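So the chains spell out like this:
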Amino acid sequence: MSPRIALFSHYRRHPLQLAALAAMILLASALWTGIHHLTSQARTSLEQSERAVAERQQSVREDGNPVSVQDFVNLRRQGLCVMPWLEVPVPGRGRLVGIDPLAAHCFAEPGHTPAPWQGELDGKPFVDISEAAAQASAEASALVLLVSQADGQSPPPAGYRYQAFAVAPDTAELGDSFLLNLDALGVLVLLITSLLLRSVFLLGLAQRRESLALLYRYGVNRSQLSRLLLVENLLLALVCILPGVWLGRALSLVLADGFGQALEGLFDRLLYAGGGEDWWLPTLTMVAVIVAACLAGVRDSSGSLLTRVQPAFFAVLLALGLAVSLWAPTLIWLFLAVALVFLAAGWLAPLAIAGVVRWLARNTGDPLIRWRLQEVAVLVRRLALPLVALQFALALVLAVHALVTTFEDTFDQWLGQRLEADYYIEVPQGADITAAVSWLAAKPELVSPELWHQVIRGRASVQTASGREPVPVDVFALGPVSHLVQNWRLLAQTETPWQALARGEGLMVNEQLARRQQLAVGDRLIVRLGARRLQAPVLAVYPDYGRPSGEVLVPASLLPEDFEARFRSLSISAGIEEIKVVEAQLARLWHTPQLTVRDNQAIRTLATDVFDQTFLLTRAMTTLTLILAAAALLLMVWVFLSTRAWYFRLLIVWGMPQRQAATQLTRVSLALIFAVLVCALPLGVWLTWILVQRINPLAFGWSLPMAVYPGFWIELAVLALIIGLSIALLMRLQLRRPASAPESAHGLQGGER
Amino acid sequence: MADNLISVTGLSKQFESGDQHVTVLRELSVHLGRGESLALTGPSGSGKSTLLNVLCGLESPGSGRLAMLGQPLAGDGAPTGKALERTWCELRQSRLGVVFQDANLMPTLSLLDNIRLRARLAGRDDTSAGDWLQRLGIGELGQRYPDQVSGGQRQRAALAMVFVTRPALILADEPTGSLDRRTAETVADELFELQARHGCGLVLATHDADLAARCLHQLDLGHQGGP
Ligand SMILES: Nc1ncnc2c1ncn2[C@@H]1O[C@H](COP(=O)(O)OP(=O)(O)OP(=O)(O)O)[C@@H](O)[C@H]1O
Ligand SMILES: [Mg+2]
């Protein structure tokens, strides 16, 4: 018999183990590939969408009316290179963008990568304009005329203006943040799967120790044995990884539509197909993980390393990791801190549980309680790897839940702040907003005076009193300061910031600006608003997600006459009848046939739906990891228990009724699982903190609020209960099967204490 | 009958492995009075352990009649279902002492705690646990764990564990099987000595002819068992 056959024959006798190992590799590959594929696709498409619209200009009519085909013809006749961009919503598919490939030619810039719409028009999302026009319904589609960079430099023809082209408010950073967090979670998932793989592998090794020893005695040397094991694992890995990667891709393709739409809705970005096509990266990653998981310290398969290394060392490591996470000036340091903390926590948790349990055992007088506690200690030690994997998975699920919920709440809140009013009316270019404002102010019976305001956006520059260089900022001007904004969540504030703002005694800044300029409430700022130079204190800092730019919030009364407004609107909360009256009156005042009125409630509902869908995916991913960890744990428990069944049966031999013995075992398994849960909670809370309070500010300049959701802990506890009861069930089954006495007192480590 | 610790008539036991029936015990009759000892002998696979397992209720008898310590447990008048399990549990708790070849002790408890646990489960006072270790000559080893003492010391602890429950009948399956000759002899001496002193019955499965000869009765399962 060749050594190779001798090795492989192990799995012939334990086909279930082989199947479990194979299934785990397959699932892990699928999971990882799926995540990788989705995130890289989302990232590519976010990047592309950014490039598609980056620094483009569009041509609009001076009179504020939307551009039409006639305008296109006019501009072309004047020798301008304009390209029509027709956005058409397609139910269930997002949107199509019709462009004119001929016009796109003059947009080519030598030395630049072509914009995504300069490629093939395959409906993802670009199509020929004729095709888009065929699907366009009048009210929902929008025509934009893009001006080439060269033409954008020279003054616009009479009757037209150039303005920056943006499909939506800039939320790219929110998207990036989301993806970065997904990446971090993907790495953790990889870590957990490698732990699981290692535990199953070590289990097989422990069971094969005798045949390995035999081979060794027959003259097969150690390096040969290691090589054989490596070959065996690589073979297994290859056989399982490829279908796993395939499965992961298939899965991500199924999810991609929903995910794409979710991202599109979430960040209001066009999503592009393509990208993330590589299959080799996940494959290589998985191979590396498997080799690392199975080879690292093959000789240490007994877990003796656990006792050899001083716990104090890991306590120091933990403290170091926590300290680094507080101090970390860059993302790399932060990731290092996370690695340290996870390493230390993973190492310390089983030791800590065993330590506490042993201490309790020493301090109880009841031999039965002592027995239970000691059994817990044995299980913790023998099943350390899968238990730690479970601990990580629980922590991960907890953190992801908190992150997702926080994200959701925050975004919802932020959206709520921005869309506080029921309706939102765009003020056309050139329209007289003062007339509208005085009319509204004179009609308190129609719209309550506290429930409307005008918003004027533009640019300004800001200088701190200490005299640093002026920096350009966005201006968000409000007038009057209605109740609609007074529910904004403020990060820092003076006593009555809104009243002070209304009186024109100061201004507010967004978090980005505050962080960048190290501004605190009370600091004085010099703001240059058009011709006016204004010095005012900071009254409050408000969160402002998804944009890199700094922003100041000022009362509209402080704006000078010559302030160049880029965008004006009215936010109004009123009944549907009242808003119709307002709409009609404003249309009359402004001499426009049609006003753009948005129903904010509908927008919010849509955004919320989209969020739910996006996070369904994240939750599904982490829950799958948890299921994987739980399944692996149960498998290990099953194998380990079969070596310990004899001792459980002793309880029956000593006259304990089946039911009572089963209760004892249930208590053992529940104590075990809840100890793991208790270790997972602080880790999860810490990871949450890292994700929302450290990664985001470091990467993007703004933080998410930190929140823990104890309600979810109860859900996790229920989950732990289910896992614990499943283990207890496995133990019970062992009680029923006639056990054979271990061959030697320590047959297969069953007699361990 | 009431005087009989064991009363077995026409007992047969079959095992089903796959679609095969293996008859291990066939039409067996065994009777054992108070204070008597019986040696079960026979080649490996002849059913010694199976019979002991039937006698302590860990294995169900296939057919035939079985009464232990005067209580009918199989055949006419025997309880069934829950009541049967309860009867067996009560018997094993404090009336039957079972000793295996090895692994009689919980590996996670010290010798003393093992004996205390056993006493507790039998509803006996566990303060005598130390005395029993003392009596078996391993008093100073009470705080050690089973893997920290020799095989002989472990078996002595197992005996202590049996006697602390003050059983009426001891069922021992090759209790000295894993010990060297001299240790086996001393452990066997102690077993017989305690059995005689406490007047309990003993059923002993063994391959050792000398040990079997020390019992009052001998039953060679090799002559009746087998397929
Ligand atoms: N649970 C079982 N299922 C099927 N067959 C069994 C089972 N238990 C025992 N047997 C069979 O019953 C026969 C008797 O086994 P038993 O263990 O009683 O023999 P033994 O006399 O104690 O042998 P040894 O001296 O080796 O201990 C054997 O052939 C064994 O294979
Ligand atoms: Mg036997």
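The numbering scheme is per chain: residues are counted from 1 as the chain's sequence reads. Lettering for chains starts from A, numbering for ligands starts from 1, and both go in the order in which the items are written. This being a predicted model, a pLDDT of at least 70 is required before a residue's local features are given, and a value of 80 or more before pairs of side-chain atoms are given or counted; all residues contribute to the totals for chains, interfaces and linings. Hydrogens are left out, water is left out, and the side-chain values use all remaining heavy atoms of the structure.

**Q** Help me get a handle on the overall build of chain B, residues and values and all.
**A** Here a helix means four or more residues in a row that DSSP labels H or I, a strand means two or more in a row labelled E, and each is numbered from the N terminus. Each helix and strand counted, chain B has seven helices and nine strands in total. Reported as C-alpha extents along the three principal axes, the dimensions of chain B are approximately 50 × 35 × 35 Å. Every residue pair with non-hydrogen atoms within 4.5 Å of one another is taken to be in contact. Considering only intrachain contacts with a sequence separation of at least 6, the fraction spanning at least 24 residues in chain B is 71%. Computed with the Shrake-Rupley method and a 1.4 Å probe, the accessible areas treat only the protein chains shown as cover for residues. If you sum the accessible surface of chain B, you get close to 9600 Å²; carbon and sulfur atoms cover 45% of it. Here the positive residues are Lys and Arg and the negative ones are Asp and Glu; neither His nor the chain ends is included. For charged residues, the charge sits on one atom: NZ in Lys, CZ in Arg, CG in Asp, CD in Glu. Looking at chain B, you have 22 positive and 26 negative side-chain charges, and the mean spots of the two groups are 5 Å apart.

**Q** Give me the interface of chain A and chain B: which residues, what numbers.
**A** In many reports, interface size means the accessible area that the parts give up when they come together. Listed as interface residues are 29 residues of chain A and, on the opposing side, 28 residues of chain B. Throughout, the accessible surface (probe 1.4 Å) given up by two parts as they are put together, summed over both, is called the buried area. Together chain A and chain B conceal approximately 2600 Å² of surface at their shared face, both sides included; 64% is due to carbon and sulfur atoms. Criterion for a salt bridge: a side-chain nitrogen of Lys or Arg within 4 Å of a carboxyl oxygen of Asp or Glu. Taken together, chain A and chain B are joined by two salt bridges. Linking A:Arg370 and B:Asp113 is a salt bridge whose minimum nitrogen-to-oxygen distance equals 2.5 Å. We call two N or O atoms a polar contact when they sit within 3.5 Å, provided that within protein one can donate a hydrogen and the other can accept it, with sequence-adjacent residues counted only if both atoms are side-chain atoms. Inspection of the chain A/chain B interface yields 11 residue pairs in polar contact (both at pLDDT 80 or more). At the level of secondary structure, the elements contributing two or more residues to the side of chain A that touches chain B comprise helix H14 (367-382), helix H20 (600-653) and helix H21 (658-700) of chain A. Sort the elements by how many residues they give to the side of chain A that touches chain B and H20(A) lands first, with eight residues. We call Asp, Glu, Lys and Arg charged. Ala, Val, Leu, Ile, Met, Phe, Trp, Tyr, Cys and Pro are nonpolar, and the rest, Gly among them, are polar. For the side of chain A that touches chain B, the class distribution of residues is 15 nonpolar, six polar and eight charged.

**Q** Could you give an account of helix H12 (residues 311-327) of chain A, naming the residues involved and the relevant values?
**A** Residue and element names in this part refer to chain A. Here H12 is 17 residues long and its end C-alpha atoms lie 24 Å apart, about the 24 Å a rise of 1.5 Å per residue gives. Working definition: with a 1.4 Å probe on protein chains only, accessible area under 20% of the residue-type maximum means buried, over 50% means exposed, and in between means partly exposed. Within H12, burial applies to Phe314, Leu317, Gly321, Val324 and Ser325. Axial view of H12: buried residues confined to an arc of 100°, hence all on one face. What points out from H12, more than 90 degrees from its buried face, is the exposed set Val316, Leu326 and Trp327. To estimate how far a helix should reach, multiply one less than its number of residues by 1.5 Å. Arc definition: directions from the helix axis to the C-beta atoms.

**Q** Tell me about the pattern of salt bridges, residues and numbers included.
**A** Here the idea is simple: oppositely charged side chains can pair when their charged atoms come close. Using the criterion set out here, one finds 17 salt bridges over all chains in the structure. As a salt-bridge pair, A:Arg457 and A:Glu551 come within 3.5 Å of each other at their nearest N and O atoms. Of this pair, A:Arg457 sits in strand S8 (residues 452-464) while A:Glu551 sits in strand S14 (residues 551-555), placing them 94 residues apart in sequence. For A:Arg457, a relative accessible area of 26% gives the class partly exposed. Across the pair B:Asp76 and B:Arg65 runs a salt bridge whose closest N-O atoms are separated by 3.7 Å. Separated by 11 residues along the polypeptide, B:Asp76 in the loop between strand S5 (71-74) and helix H2 (81-95) and B:Arg65 in strand S4 (residues 63-68) bring together distant segments of the chain. The class for B:Arg65 is partly exposed, based on a relative accessible area of 42%. Through salt bridges with shared partners, a single ionic network connects A:Arg370, B:Asp113, B:Arg116 and B:Asp126.

**Q** Which residues make up the side chain of B:Arg154, and what are the values?
**A** All names here are of chain B. Structurally, Arg154 can be placed in helix H5 (residues 151-163). Its relative accessible area of 15% is what places Arg154 among the buried residues. Among the polar contacts made by the side chain of Arg154, one reaches the main-chain carbonyl oxygen of Val149 at a distance of 3.2 Å.

**Q** Please provide a residue-by-residue account of the site of ligand 1, values included.
**A** Residues and elements named next belong to chain B. Taken together, Phe15, Val24, Pro43, Ser44, Gly45, Ser46, Gly47, Lys48, Ser49, Thr50, Glu174 and His207 form the complete shell of residues around ligand 1. Note that an oxygen atom of ligand 1 is positioned 2.7 Å from one of the side-chain N or O atoms of Lys48. The separation between an oxygen atom of ligand 1 and a polar side-chain atom of Ser49 is 2.7 Å. Out of a free accessible area of 630 Å², ligand 1 has 63% covered by protein chains. Broken down by element, the shell around ligand 1 gets its largest block of residues, three residues, from helix H1 (residues 48-55). Split into classes, the residues belonging to the shell around ligand 1 amount to three nonpolar, seven polar and two charged. Distances are taken per atom, and a residue is near a molecule or strand as soon as one of its heavy atoms is within 4 Å of it.

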